[in-house]
Amino acid sequence: MRLLRACTCLTLAVLFPTTAAASPTPILRLTGLPAERSFGIVSSAGDFNGDGKGDFAVGSSARVCVFYGGSALDSIPDLVLTPASGSFGLVSGGGDFNADGYSDLAVGRFGGALLYFGGVSPASQPAVTLSLSFFSPAFGAIVTANSDLDGDGYSDVVVSDVQFMGPVEPSLGRVFVYEGAPISNSTIPFFLDPLPSRGGFDFGLRTGAGDFNGDGRGDVLVTEGGNTDTLWSRLYCFTGTVSGFAPPTFVHAGFPIAVAGLGDLNGDGCDEAAVTGRTVTCTMTEPGLSCTSRDGAVL
């Protein structure tokens, strides 16, 4: 692998083998620069360079490092992405936003989400920047981007703005769903807003996507609240329809830390979702930590 040894920092990202006889010894350990914050945000990058091998990305507030798969992994990133301004947020990959056969990456940035297109020699500059017509500092920091929600062959992007002052006062938060053929900054997104009766906060802090009811249209999971360990949170599902998304259905309450669509794990035609969190009633519990896996048919 090539480029500078720039992807080292305070927090660790560790890769473990996944064979049947796998040992708990990591096959690769990545550390970060002392000045970096939040290093260790890991995402699959699909096959970003089109060589037939899976790739992955590790992000921090200052950069995203892309590592290409191969027979011998090392700690030198193959591609380093840096923001022209501001700070990076989450990174989400594996989707194909322009349907060219290469996996792409969505990188959250405060003020606008960035889309990087894969290829034999991917560019280090974003191909598309998703932004609002007015500046909103929290827009774009949280992204989910590995599902084709409308079935048109192009992956779609879910972008959150947890500080958006929407129509539900005093609610904070709105989720924007960009469906594209292909996606561009001129794409008009669907809006997902919290229930008027709840008057919540931090709507969109965590999102996940998939076809949870098996109708061929993508659905979106969104949390509301829960930005600290002591604040109760609610999880909602917005079901995809011909004209957009139906009003949200309440799914779960607790202290979710992460939400993710898992694909169709049991082959029943419905995608599954996982929720991890603190002190949440679910299928597997330990003191202070819980894990929930919900079958898509329930949603």
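Check the entry above for the structure.
Everything in this summary refers to the structure shown in the same document. (Residues numbered from 1 in each chain as written. Predicted model: local features only at pLDDT ≥ 70, side-chain atom pairs only at ≥ 80, totals over all residues. Heavy atoms only, no water.)

### Considerations on the packing of aromatic side chains
- A full pass over the atoms with the stated rule returns 8 aromatic pairs.
- Between the aromatic rings of Phe-56 and Phe-67, the centroid separation amounts to 5.0 Å while the plane-to-plane angle is 10°, which identifies the pairing as stacked. Remark: Phe-67 occurs in strand β5 (residues 64-67) and Phe-56 occurs in strand β4 (residues 56-59); sequence separation between them is 11 residues.
- Aromatic side chains Phe-176 and Phe-191 sit 5.4 Å apart centroid to centroid with 80° between the ring planes, which places their arrangement in the edge-to-face category. Placement of Phe-176 in strand β13 (residues 174-178) and of Phe-191 in strand β14 (residues 190-192) is noted, with a sequence separation of 15 residues between them.
- Under the relative-accessibility criterion, Phe-176 is labelled buried at 2%.
- In this structure Phe-191 comes out as partly exposed when scored by relative accessible area, which is 47%.
- A network of ring pairs unites the aromatic residues Phe-134, Phe-139, Phe-164, Phe-176 and Phe-191 as a single cluster. (Phe/Tyr/Trp six-rings, centres within 6.5 Å; stacked < 30°, edge-to-face > 60°. Helix = DSSP H or I, 4+ residues; strand = E, 2+ residues; numbered from the N terminus. Buried < 20%, exposed > 50% of the residue type's maximum accessible area, 1.4 Å probe, protein only.)

### Side note on the nonpolar core
- In terms of nonpolar packing, the biggest core is built from 16 residues, with Phe-97, Leu-115, Leu-130, Val-157, Val-159, Tyr-178 and Ile-183 touching the most fellow members.
- Looking at this core, the elements that each hand over two or more residues are β9 (113-116), β10 (128-130), β11 (142-147), β12 (156-161) and β13.
- Among the nonpolar cores identified, the runner-up in size contains 14 residues, and Leu-81, Phe-88, Leu-105 and Tyr-116 belong to it. (Core = buried A, V, L, I, M, F, W, Y, C linked by side-chain atoms within 4.5 Å.)

### A closer look at the sheet that holds β4
- Spatially, β3-β4-β5-β6 is the arrangement adopted by the 4 strands of the open sheet, whose pairing is antiparallel. Each end of this open sheet is capped by a strand with a single partner; those strands are β3 (41-44) and β6 (79-81). Going across the sheet, the axis of each strand differs from the next one's by a mean of 20°, ignoring polarity.
- When β4 meets β5, the two strands line up antiparallel, connected through 4 bridges. Bridging from a neighbouring strand, Ala-57 pairs with Val-66 of β5. (Pairing = 2+ DSSP bridges. Axes fitted to C-alpha atoms, helices over the stretch in contact; angles between N-to-C directions.)

No statement about biological role is implied by the geometric values presented.
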